[in-house]
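So the chains spell out like this:
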Amino acid sequence: MRQDGAPTPDPTPAPAHRPVVTLLYAPADRPGLVAKALASAADVVIVDLEDAVAPAHKQAARAALVDLLSGHLDRRVQVRVNALETPWGALDLAALAALPAQIAVRIPKVGSPADLERVALAVGDRPLHVLLETAGGIESAHDIARAHPRVASLGLGEADLRSDLGIDDDAALAYARSRIVIAARAAGLPAPSMSVYPNVRDDAGLARSCAIGRSLGFLGRTAIHPRQLPVIVAAFAPTEVEVARARLVVAAMRDAQRAGNGTVVLPDGTFLDVAMVERARRTVALAEPTPSPRPDLS
Ligand SMILES: CC(C)(COP(=O)(O)OP(=O)(O)OC[C@H]1O[C@@H](n2cnc3c(N)ncnc32)[C@H](O)[C@@H]1OP(=O)(O)O)[C@@H](O)C(=O)NCCC(=O)NCCSC(=O)C[C@H](O)C(=O)O
Ligand SMILES: [Mg+2]
């Protein structure tokens, strides 16, 4: 309670929406897959113009965007364009102009802040979702994350990074994974989603890989097949015990602050401060039912 009698404002307001946990790719040259992705339970649909579309289909895929996406303004959608260095990148960016403003752009193979700036200039006010998939991109992760105010997320492209570095072993990705997580959080961005898991039949392997990513600070994952979605949701869902504990933490801090205290000690002796409450809030938000869509946050 403040001295004027008004309740103490909560210093860590709850997030306004459920965090993004699942993102499903569908190639823009396969309208059936895009329609199914839009009808799926994925939090975000990524319509791909890049590596899932063969060069011979690039033009048709780009031309199909408006039809594919009309009538889906209730969905969070990103369009992954080709890199500007390719013959298709500039044409893809120009095609975005015909799409509603809340449709975001996913930018592959960003290697430097300058790469990002060039795309940002071409796409108006759209949110920018940045993929780092090269050694240069990983090294510049922090500068790229802060290069433009419309950067909405960082992501790692592990297939391209493996190719760039000539590595197969998952353990060799640990540095890049952690670097992305830290760069994103240091820039005030959400925890990144993991890269795709390439085997669409290996649910157990996907679950194990998600557990590693979760332990490194990732939240959620991009998918290439709808059957991967429930595996990802389960892997990143907090347990009932974690949710109950998080609710207790949030309530304890709220009560402490109403009583004019900035810190509190739980009955089991755990000392709480604001940072711990913020983490508890994120856990509670993950457990809550999906709210109304927020296409502006795509
Ligand atoms: C991988 C696929 C080509 C497999 O397709 P298909 O053989 O048709 O799969 P199934 O027969 O098992 O499909 C079963 C049903 O599910 C639907 N389906 C399949 N995939 C999708 C999807 N992505 N979205 C929506 N619906 C989907 C099928 O239509 C079947 O439906 P039904 O007939 O009604 O039963 C295919 O899954 C695919 O193309 N996936 C997307 C690939 C993609 O976009 N890749 C690009 C992103 S990954 C990347 O780029 C790597 C990254 O950049 C990096 O560097 O790491
Ligand atoms: Mg890639």
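- The chain goes by CoA ester lyase in an unreviewed UniProt entry, where it is assigned to Pengzhenrongella frigida.
- UniProt, in the comment section headed Cofactor (unreviewed entry), describes the chain in these words: "Mg(2+)".

## A look at the side chain of R80
Point 1. Considering the arrangement of structural elements, one finds R80 in strand 3 (residues 76–80).
Point 2. Classification of R80 by relative accessible area gives buried; the value is 9%.
Point 3. Apart from residues lying up to four places away in sequence, R80 is in contact with Y25, I46, V47, D48, L49, E50, D51, A52, R106, P108 and L131.

## Comments concerning the coordination of the magnesium ion (ligand 2)
Point 1. Distances from the magnesium ion (ligand 2) to its protein donors, E133 (OE) and D160 (OD), fall within 2.0 to 2.1 Å. Here E133 is found in the loop between strand 5 (128–132) and helix 6 (135–139), whereas its partner D160 is found in helix 8 (residues 158–165), with 27 residues between them in sequence.
Point 2. Judged by its relative accessible area of 3%, E133 is buried.

## Topic: the sheet that holds strand 1 (residues 22–27)
Point 1. With respect to topology, seven strands assemble into an open sheet ordered 6-5-4-3-2-1-7, the strand pairing being parallel. A single partner strand is all that each edge strand has here, and the edge strands are strand 6 (151–156) and strand 7 (221–223). Neighbour-to-neighbour, the strand axes of the sheet open up by a mean angle of 25 degrees, direction not taken into account.
Point 2. Here strand 1 pairs with strand 2 (residues 44–48) via five bridges, running parallel. Counted as the bridge partner of L24 is V45 from strand 2.
Point 3. The strands touched by helix 5 (residues 113–122) are strand 4 (104–107), strand 5 and strand 6; relative to strand 5, the strand with the most contacts, the crossing angle is about 150 degrees.
Point 4. With respect to the sheet, helix 11 (residues 228–236) is in contact with strand 1 and strand 7, its orientation differing from that of strand 7 by roughly 170 degrees.

Cut-offs used in this document
Residues numbered from 1 in each chain as written. Chains lettered and ligands numbered in written order. Predicted model: local features only at pLDDT ≥ 70, side-chain atom pairs only at ≥ 80, totals over all residues. Heavy atoms only, no water. UniProt positions renumbered as here; feature names shortened; annotations may be inferred. Helix = DSSP H or I, 4+ residues; strand = E, 2+ residues; numbered from the N terminus. Buried < 20%, exposed > 50% of the residue type's maximum accessible area, 1.4 Å probe, protein only. Contact = heavy atoms within 4.5 Å. Donors = N, O, S within 2.8 Å, 3.2 Å for Na, K, Ca; no water. Pairing = 2+ DSSP bridges. Axes fitted to C-alpha atoms, helices over the stretch in contact; angles between N-to-C directions.

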